[in-house]
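Listed below are the residues making up each chain.
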Amino acid sequence: PQADEHTPLMLRLSLLLLVGPLDALRVAVTGAGGQTGQHAFRKLLALPEFEPVGIVRSEESKAALVKSGVPADAVTVADVTDEAAIAAALAGCDALIIGTSAKPAPSGETDESTGRPIFGFPNGQPEAVDWLGQKSQIDGAKAAGAIHVVLCSSMGGTDPGNMLNALGRESLPDGSTKGGDILLWKRKAEKYLIDSGVPFTIVHPGGLLNEPGGKRQLVLGVDDERTVGERSIPREDVAEVLVQALRIPAYRGRSFDLRSMNEGEGAVTTDFAALLDELGGRDCDYSLGKMA
């Protein structure tokens, strides 16, 4: 096959996996102070073939990681909505795991028509975080010459009416809306990554569980299908797939959904190359659903 600009680094990663560390692959992990991103960051710290750099939003997040035992020089502070700051943080990185997401929280107000709490995004609307922030990360990784970007997104993108899109959405007097639409902005960022020319893996987890990983059979699918298994998955299992996507070349150029069986059902997933084979070559179809 014809060599391309990524061939030397791809060869280097293959050698790392075959014979052990030569020059550890420098991998940035954004959202490293959060939940799923932090799981991925800690997994990389334990693997000698990687030199992870955790990117967090604030000095407080960095201090918390350092207090927990993470080396201070392995954590960098940069806000993903600051294009220049994130580009500087990604300089010199060979790969990137995108673990950032706008995070909804109750506003304290109630919808009079439904009686349900109204949610907002106090740390940044989806357009700023899940679109512009992810775009800046992708651009920064490309400028750094990264050989792989692994994006942790979300299931639900084929359904514009998904309830998650209503969170933080505000109706204006003229009948239009602003804010919210988190899955539409995520889907736009995914397509931007696909079109960027940077080798990618896009993972759409189901509902995220704060339960131990490594205890379930994982299930892959596409386009929000649900054949077997639950519509949920432990965060730690998601993080394991994000890391394995860096280690197994067949994960490049793939976009899929990730769920799990209930604990005790099926066989615990340990072979992540075989897991990918479940897709039979299928990938998510971006002609479905809607983008912002």
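What you see is a predicted model; the values in this text were computed from it and never measured.

## Some remarks on the overall build of the protein
The secondary structure content of the protein amounts to eight helices and 14 strands. Taken over the C-alpha trace, the protein has a radius of gyration of 19 Å; the compact-globule value for 292 residues is 19 Å, and the two agree within 12%. If you line up the protein on its principal axes, its C-alpha atoms span 65 × 45 × 40 Å. In the protein, which comprises 292 residues, the share counted as buried stands at 46%. Taking as baseline every contact in the protein between residues at least 6 positions apart, the subset at least 24 positions apart corresponds to 73%. Taking the average location of the 28 positive side-chain charges in the protein and that of its 40 negative ones, the two points are 1 Å from each other.

## Digging into unusual backbone geometry
Positive phi outside glycine occurs at Asp 223, with the angle close to 55°. One non-glycine residue with positive phi stands out, namely Asp 224, at about 65°. A relative accessible area of 15% places Asp 224 in the buried class.

## Describing the packing of helix α5 (residues 126-143) against helix α6 (residues 182-195)
Relative to each other, α5 and α6 sit at 15°, their axes nearing to 8 Å. Taken together, α5 and α6 sit at an angle that is classed as roughly parallel. Helix-helix and strand crossings are classified by hand; for α5 and α6 the assignment is right-handed. Contact residues: α5 offers Pro 126, Glu 127, Asp 130, Trp 131, Gln 134, Lys 135, Ile 138 and Asp 139, while α6 offers Ile 182, Trp 185, Lys 186, Lys 188, Ala 189, Tyr 192 and Leu 193. The residue makeup of the contact of α5 with α6, split by class, is eight nonpolar, one polar and six charged.

## Description of the nonpolar core
Across soluble globular proteins, you tend to see nonpolar side chains buried next to one another. By size, the foremost hydrophobic cluster in this structure holds 61 residues, and its most contacted members are Ile 97, Val 241 and Tyr 251. In terms of residue count, helix α7 (residues 235-247) provides more of this core than any other element does, seven residues in total. Non-local contacts of Tyr 251, meaning those with residues more than four positions away in its chain, are made with Phe 200, Thr 201, Val 241, Gln 244, Ala 245, Phe 256, Phe 272, Leu 275 and Leu 276. Judged by nonpolar contacts, the second largest core, of six residues, contains Ala 102, Val 129, Leu 167 and Ile 182.

## As for the sheet that holds strand β14 (residues 254-260)
If you trace the eight strands from one edge of the open sheet to the other, you get β3-β2-β1-β4-β7-β10-β14-β12, paired in mixed fashion. Every other strand in the sheet has two partners, leaving β3 (75-77) and β12 (218-221) as the edge strands with one partner each. Between one strand and the next, the sheet's axes are offset by a mean angle of 25°, whatever the strand orientation. Sheet strands touched by helix α4 (residues 83-90): β1 (25-30), β2 (50-56), β3 and β4 (95-98). Its angle to β2, the strand with the most contacts, is close to 165°.

## Focus on the layout of surface pockets
Reported here for the largest pocket is a volume of approximately 1300 Å³. Where the lining of the largest pocket is concerned, the elements lending two or more residues are α2 (36-45), β2, α6 and β11 (207-209). Of the residues forming the lining of the largest pocket, the biggest block, three residues, is contributed by α6. For the lining of the largest pocket, the class distribution of residues is 18 nonpolar, 19 polar and six charged. Roughly 430 Å³ of internal volume is contained in the second largest pocket. Considering the residues around the second largest pocket, the lining is formed by 14 residues, among which Asp 111, Pro 117, Ile 118, Phe 119 and Ala 166 are closest to the centre. The element that contributes the greatest number of residues to the lining of the second largest pocket is strand β6 (residues 117-120), accounting for three residues. Among the residues forming the lining of the second largest pocket, the class breakdown is seven nonpolar, three polar and four charged.

## Looking at empty space enclosed by the protein
Tallying each qualifying case throughout the model produces one cavity of 30 Å³ or more. Empty space within the largest cavity amounts to approximately 50 Å³. Residue lining of the largest cavity: Ser 154, Met 155, Gly 156, Gly 157, Thr 158, Arg 187, His 204, Asp 223, Asp 224, Asp 257 and Cys 284, and that is the complete set. Residues of the lining of the largest cavity, tallied by class, amount to two nonpolar, five polar and four charged.

## Quick word on the pairing of β1
Of all six residues in β1, five are buried, a share of seventy percent or more. Taken together, the six bridges between β1 and β2 define a ladder with parallel strand orientation. The partner of Val 27 across the bridge, within β2, is Pro 52. Assessed by its sense of winding, the connection that carries the chain from β1 through α2 to β2 is right-handed. Here three bridges tie β1 to β4, and the two strands are oriented parallel to one another. Note on β4: the bridge partner recorded for Ala 28 is Leu 96.

Cut-off values and rules
- Residues numbered from 1 in each chain as written.
- Predicted model: local features only at pLDDT ≥ 70, side-chain atom pairs only at ≥ 80, totals over all residues.
- Heavy atoms only, no water.
- Helix = DSSP H or I, 4+ residues; strand = E, 2+ residues; numbered from the N terminus.
- Rg over C-alpha atoms; globule rule 2.2 N^0.38 Å.
- Buried < 20%, exposed > 50% of the residue type's maximum accessible area, 1.4 Å probe, protein only.
- Contact = heavy atoms within 4.5 Å.
- Lys, Arg positive; Asp, Glu negative; His and termini not counted.
- Charge placed at Lys NZ, Arg CZ, Asp CG, Glu CD.
- Axes fitted to C-alpha atoms, helices over the stretch in contact; angles between N-to-C directions.
- Parallel < 35°, antiparallel > 145°, perpendicular 65-115°, else oblique.
- Left-handed = near helix turned anticlockwise from the far one by under 90°.
- Nonpolar A, V, L, I, M, F, W, Y, C, P; charged D, E, K, R; others polar.
- Core = buried A, V, L, I, M, F, W, Y, C linked by side-chain atoms within 4.5 Å.
- Pairing = 2+ DSSP bridges.
- 1 Å grid on protein atoms, 1.4 Å probe; cavity = no way out; pocket = protein on both sides within 12 Å on 5 of 7 lines; lining within 4 Å.
- Points joined across faces, edges and corners; volume = space filled by probe spheres on them.
- Right-handed = clockwise from strand over helix to strand, strands pointing away.

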